[in-house]
Amino acid sequence: MKFEHIIYSVDAGVALLSLNRPQALNSFNEAMHLEVREALKMTADNPEARVLLLTAEGRGFCAGQDLSDRNVAPDADMPDLGLSIEKFYNPMIRRLQQLPMPVICAVNGVAAGAGANIPLACDLVLAARSAKFIQAFCKIGLVPDSGGTWFLPRLIGMARAKQLALLGEPLSAEQALAWGMIYRVTDDEALRDEALVLARELATQPTVGLGYIKRALNHSVSNSFDEQLILERDLQSLAGRTDDYREGVAAFMAKRPAEFKGR
Ligand code: T3D
C-alpha cells in the first residue's frame, strides 16, 4: 500500500509511523485512519518490527478528528459519530494497546481531542517541551473518546481528569510529566532523536518478554489481585519458553552480553 497521509518505515527493529497531514495539524480523516490501520497491521505481522514509534510531522502531533468533515449544512443530518468511533478510533486504540511490543509515542507539539488521548494508549510517551495536551471535546459539545475517560482517571486521578475534560484547558508537557501522565519531556529539537535512541535500544531487548510485561500491566488496572497473579503465572510460562530467555540466562552465566532476537 502506498501511503499519502502517513510516513512508515521499518529499520533496525523499529517501525516508525509518522502522521503526515501537517496542514491540518495531522487531524484524522478517513483516508489517514485507513493508512494508520494498515501500518499497525503491517507492524503486528512483521517479525522484524520489535518496537513501534508513533509520532507526527510539522508543528503539531494531532488535532483529533478533521472537523472539516463534520461541517455539514444546517439542514443536513450529522453523521453518527458513534459509528465513526466504532469503525475507526476504537480499533486503533485497541490495536495500540494490544500490539505485542513496546509502543513509544513522541508528541511533537499540540495534541488535541482524540490526538490527546492516542498517546495515552501507548506505553512510553515522550513530549517536546512545547507540546500541549488539550481535551478539546468539551469545547464543541463532545465527550472525550479514544479511551480518554478510561486512561485519564487512572493516570492522573479523577479530580484532574475532570479538570481537563470539563474545562478543556491546555496541559503543558512539564505538567503532564509532573502528574505522571507521560514518561519524559525533551527539548523540542531533540525529541525525534531521543525517541529513536530509546526505540532502537528497546529493539535490542527481549521484546517478546517486553510485550508480555505490557500485557500484564495493562490488565492490572481492571483485574482483581487473584486474576493478576494467574495472568503473571501464564505469561511467565510463555516468557520462559522464548529463545530470548534461554539466551538471557546463558549470557548471564557466561558473563557476556546477551544477543536477543525478539523470539
Ligand atoms: O467525528 C468523529 O468521528 C468523532 C470523533 C471525534 C474525535 C475528536 O478528536 S473530536 C475533537 C476534534 N478536535 C478539536 O476540537 C481540536 C480543534 N483544533 C483546535 O482547537 C486548535 O486547532 C488547536 C488547539 C489544536 C491548535 O491551535 P493553534 O492555534 O495552534 O492552531 P490553529 O490555527 O487552530 O490550527 C492550524 C490549522 O489546522 C488551521 O488551518 P488553517 O487556518 O491554517 O488553514 C486549523 O483550521 C487546522 N486544524 C486544527 N485542528 C483541526 C484543523 N482542521 C481540521 N480539523 C481539526 N481538528
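None of these values were measured; they are calculated from a predicted model.

Draft legend 1. Representation of the domain arrangement of the protein within the structure. Structurally, the protein comprises domain 1 (6-202) and domain 2 (207-254). Taking only C-alpha atoms into account, the centre of domain 1 sits 27 Å from that of domain 2. Of the residues lining the interface, 13 residues belong to domain 1; the matching set on domain 2 comes to seven residues. Its largest share of buried area at the contact with domain 2, domain 1 owes to R50, Q97 and W150, together 44% of the area lost on that side. Counting across the domain 1 and domain 2 interface gives one salt bridge. We note a salt bridge from D123 to K214, for which the minimum N-O separation is 3.0 Å. Along the contact surface separating domain 1 from domain 2 lie five residue pairs in polar contact (both at pLDDT 80 or more). Secondary structure elements with two or more residues in the side of domain 1 that touches domain 2: α2 (81-98) and α4 (148-156). Partitioned by chemical class, the residues of the side of domain 1 that touches domain 2 number nine nonpolar, one polar and three charged.

Draft legend 2. Region of interest: the site of the ligand. Among the 24 residues in the neighbourhood of the ligand, the closest are listed as Q65, L67, R70, S84 and A114. With respect to the ligand, the backbone of Q65 contributes an N or O atom lying 2.8 Å from a nitrogen atom. Against a free-state accessible area of 1,000 Å², the protein chains account for coverage of 64% of the ligand. The element that contributes the greatest number of residues to the shell around the ligand is α2, accounting for four residues.

Draft legend 3. Here's a closer look at the sheet that holds strand β9 (residues 171-172). Judged by pairing direction, the sheet is mixed, and its four strands sit side by side in the order β4-β6-β8-β9 without closing on themselves. One side of each edge strand has no neighbouring strand; the edge strands of this open sheet are β4 (60-62) and β9. Pairing of strand β8 (residues 132-134) with β9, which is carried by two bridges, proceeds in the antiparallel orientation. Its bridge partner lying in β9, F133 is registered against L171.

Draft legend 4. Structural view of the pattern of salt bridges. Under the criterion given, the structure shown has ten salt bridges. Here E57 makes a salt bridge to R192, at a shortest N to O gap of 2.9 Å. Linking E57 in the loop between β3 (51-56) and β4 with R192 in helix α7 (residues 191-202), this pair joins segments that are 135 residues apart in sequence. One salt bridge in this structure joins K261 and E259, with 3.8 Å as the shortest N-O distance. Taking the relative accessible area as the measure of exposure, K261 reaches 43% and is therefore partly exposed. By relative accessible area, which is 55% here, E259 ends up exposed. Several salt bridges share partner residues, and in doing so they unite R129, E174 and D187 into one network.

Draft legend 5. View of the packing of aromatic side chains. Counted by the stated rule, this structure contains three aromatic pairs. Plain terms: the ring middles of F3 and Y8 are 6.1 Å apart, the flat faces sit at 75° to each other, and that makes the pair edge-to-face. The residues F3 and Y8 share a single accessibility class, namely buried. Measuring from centroid to centroid gives 5.5 Å for W150 and F151, while their planes differ by 85°, and the two rings are edge-to-face. Taking the relative accessible area as the measure of exposure, W150 reaches 32% and is therefore partly exposed.

Draft legend 6. Fine view of the sheet that holds strand β7 (residues 124-128). The sheet built from six strands is open, its strands ordered β1-β2-β3-β5-β7-β10 with mixed pairing. Only two strands of the sheet have a single neighbouring strand rather than two, namely β1 (6-11) and β10 (184-186). Within the sheet, the average angular offset between the axes of one strand and its neighbour, ignoring direction, is 20°. Bridge analysis of β7 against β10 gives three bridges, and the strand direction is parallel. Paired with A128 across the strands is T186, a residue of β10. In this fold α7 packs onto β1, β2 (14-19), β3, β5 (103-107), β7 and β10, with an angle of close to 160° to the strand it touches most, β7.

Draft legend 7. Spotlight on the pairing of β3. Across the six residues of β3, six count as buried, placing the element largely inside the fold. Burial along β3 is two-sided: V51, L53 and T55 facing one way and L52, L54 and A56 facing the other are all buried. Across six bridges, β2 lies against β3 in parallel orientation. From the neighbouring strand, L16 faces β3, where its bridge partner is L53. Since β2 and β3 lie parallel, the crossover through helix α1 (residues 30-45) that links them has a hand, and here it is right-handed. Of the strand pairs in this sheet, β3 and β5 are connected by three bridges, and their pairing is parallel. By the bridge assignment, L52 is partnered in β5 with V103.

Criteria and cut-off values
- Residues numbered from 1 in each chain as written.
- Predicted model: local features only at pLDDT ≥ 70, side-chain atom pairs only at ≥ 80, totals over all residues.
- Heavy atoms only, no water.
- Domains from an automatic or database assignment.
- Contact = heavy atoms within 4.5 Å.
- Buried area = accessible area lost by both parts, 1.4 Å probe.
- Salt bridge = Lys/Arg side-chain N within 4 Å of Asp/Glu carboxyl O.
- Polar contact = N/O pair within 3.5 Å; in protein donor to acceptor, adjacent residues only side chain to side chain.
- Helix = DSSP H or I, 4+ residues; strand = E, 2+ residues; numbered from the N terminus.
- Nonpolar A, V, L, I, M, F, W, Y, C, P; charged D, E, K, R; others polar.
- Near = heavy atom within 4 Å.
- Areas by Shrake-Rupley, 256 points an atom, 1.4 Å probe, with all protein chains shown as cover.
- Pairing = 2+ DSSP bridges.
- Buried < 20%, exposed > 50% of the residue type's maximum accessible area, 1.4 Å probe, protein only.
- Phe/Tyr/Trp six-rings, centres within 6.5 Å; stacked < 30°, edge-to-face > 60°.
- Axes fitted to C-alpha atoms, helices over the stretch in contact; angles between N-to-C directions.
- Right-handed = clockwise from strand over helix to strand, strands pointing away.

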